[in-house]
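Structural description and commentary
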Amino acid sequence: MKKFLFLMLWAAATVAAGQTYPSKTITIIVPFTPGSATDVAARLVGDKLSTAWGQPVIIDNRAGAGGTIGIAQTARAEPDGYTLAVVSTGHVVNPVLYKELPYDTLKDLAGVAPLASLPSVLVVAPGLGIKSVKDLVAAAKAKPGEFNYGTAGVGSAAHINSEKFNHAAGIKAVHIPLKGTPPILAETMAGRLHFAWVPSLGSMGLLKDGKLLALAVSTPRRIAALPDVPTIAEAGYPGGEFNFWVGMLAPAKTPRELIAKVNAEVNKALQQPDVIERLAKLGAEPMLMNPAQFDAFIRREHDELGKVLRDAGTKPQ
């Protein structure tokens, strides 16, 4: 009887919390630096949540260790809906990169809602004389082990994207890790990198100025900003697709009623014209899922992208 009464009281308290939530400031932890794509998406949605609920939404940037510092803080937070996190694709591959994480990627965090997907573009220097993906693959196969590609480091979005493409195309290329997108673009323009997968946002100006040539986009569909550039599947290499995504998480024990409430408000925000327009300027598209769908998506990404890196010989540090 005592156990029954406890459960009844707990259920009543959970329902009451859902009805009054939020009644104070919400903190969204972003485990990356201000100005990153993840940070921009978090602030865009955070502003909409604050307006809808009449409560402050604070963005707390906790960068470092591939995002694991901020994610660990979220996993340890009180599961009351007032501490959330916005993470990127790298979250699901961190178990491959680090021997010991201070949290369990799948057990200690719950998916709230995806926010957006951001396409990448396969680029080369115009001076290389490569005009298509097939040209690139043929050139790389003619000189096995001599062609290289740049990324922002092991496990980065560009690294995963490149490994998926290399596997689909059947080529062997040398991985050159650099410190972010700017040096990747500079080295590719100079021809010292033979190819690179880069964010559409960061490369658009250089593509328009003719300093880089776009061969394909990573997404299943062509993007509005580059309508004449084929998808990697259209270019002849299905299996090379990759979506860099940004999504919101909560501590695993957060009541499902609260998660559903945040999810509904996030999805509403993502369908507002000004949000769609702002994301489009980043080369991004909204992603709409319910919490169960997002949890399933995270598990698939965890398994599939983890395998991509393990097959590429990535070892945890």
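Quick note: structure is the one above.
Predicted model only: the values in this text are computed from it and were never measured.

1. Quick look at the environment of His91
Inspection of the secondary structure puts His91 in helix H4 (residues 90-97). The sequence separation of His91 and Glu301 amounts to 210 residues, and the corresponding C-alpha distance is 9.7 Å. Each residue touching His91, except ones within four places of it in the same chain, is listed here: Ile71, Tyr103, Thr105, Leu109 and Leu249.

2. Observations concerning the side chain of Lys48
Relative to the helices and strands, Lys48 resides in helix H2 (residues 37-53). In this structure the side chain of Lys48 is engaged in a polar contact, spanning 2.9 Å, whose partner is the side chain of Gln272.

3. Examining helix H11 (residues 291-311)
Given a rise of 1.5 Å per residue, 21 residues ought to cover 30 Å, and the 30 Å separating the end C-alpha atoms of H11 matches this to within 8%. Restricting attention to buried positions, one finds in H11 the residues Pro291, Phe294, Phe297, Ile298, Glu301, Leu305, Gly306, Val308 and Leu309. The buried side chains of H11 occupy one side of the element, clustering within an arc of 150 degrees when seen end-on. For H11, the exposed residues lying more than 90 degrees away from the buried face are Ala292 and Asp311. Taken from the residues just after H11, Gly313 is the one with a positive phi, measuring 90 degrees.

4. As for the packing of aromatic side chains
Applying the stated criterion to the full structure yields 9 aromatic pairs. Geometrically, the ring pair formed by Tyr149 and Phe195 is stacked, given 5.6 Å between the ring centres and 25 degrees between the ring planes. One end of the pair, Tyr149, is in strand E6 (residues 148-151); the other, Phe195, is in strand E8 (residues 195-199), with 46 residues separating them in the sequence. Tyr149 sits in the buried class, given a relative accessible area of 1%. Here Phe195 falls in the buried class, since its relative accessible area comes to 0%. Relative to Phe297, the ring of Phe294 lies with its centre 6.2 Å away and its plane at 20 degrees, an arrangement referred to as stacked.

Criteria and thresholds
- Residues numbered from 1 in each chain as written.
- Predicted model: local features only at pLDDT ≥ 70, side-chain atom pairs only at ≥ 80, totals over all residues.
- Heavy atoms only, no water.
- Helix = DSSP H or I, 4+ residues; strand = E, 2+ residues; numbered from the N terminus.
- Contact = heavy atoms within 4.5 Å.
- Polar contact = N/O pair within 3.5 Å; in protein donor to acceptor, adjacent residues only side chain to side chain.
- Expected span 1.5 Å × (residues − 1).
- Buried < 20%, exposed > 50% of the residue type's maximum accessible area, 1.4 Å probe, protein only.
- Arc of directions from axis to C-beta.
- Phe/Tyr/Trp six-rings, centres within 6.5 Å; stacked < 30°, edge-to-face > 60°.

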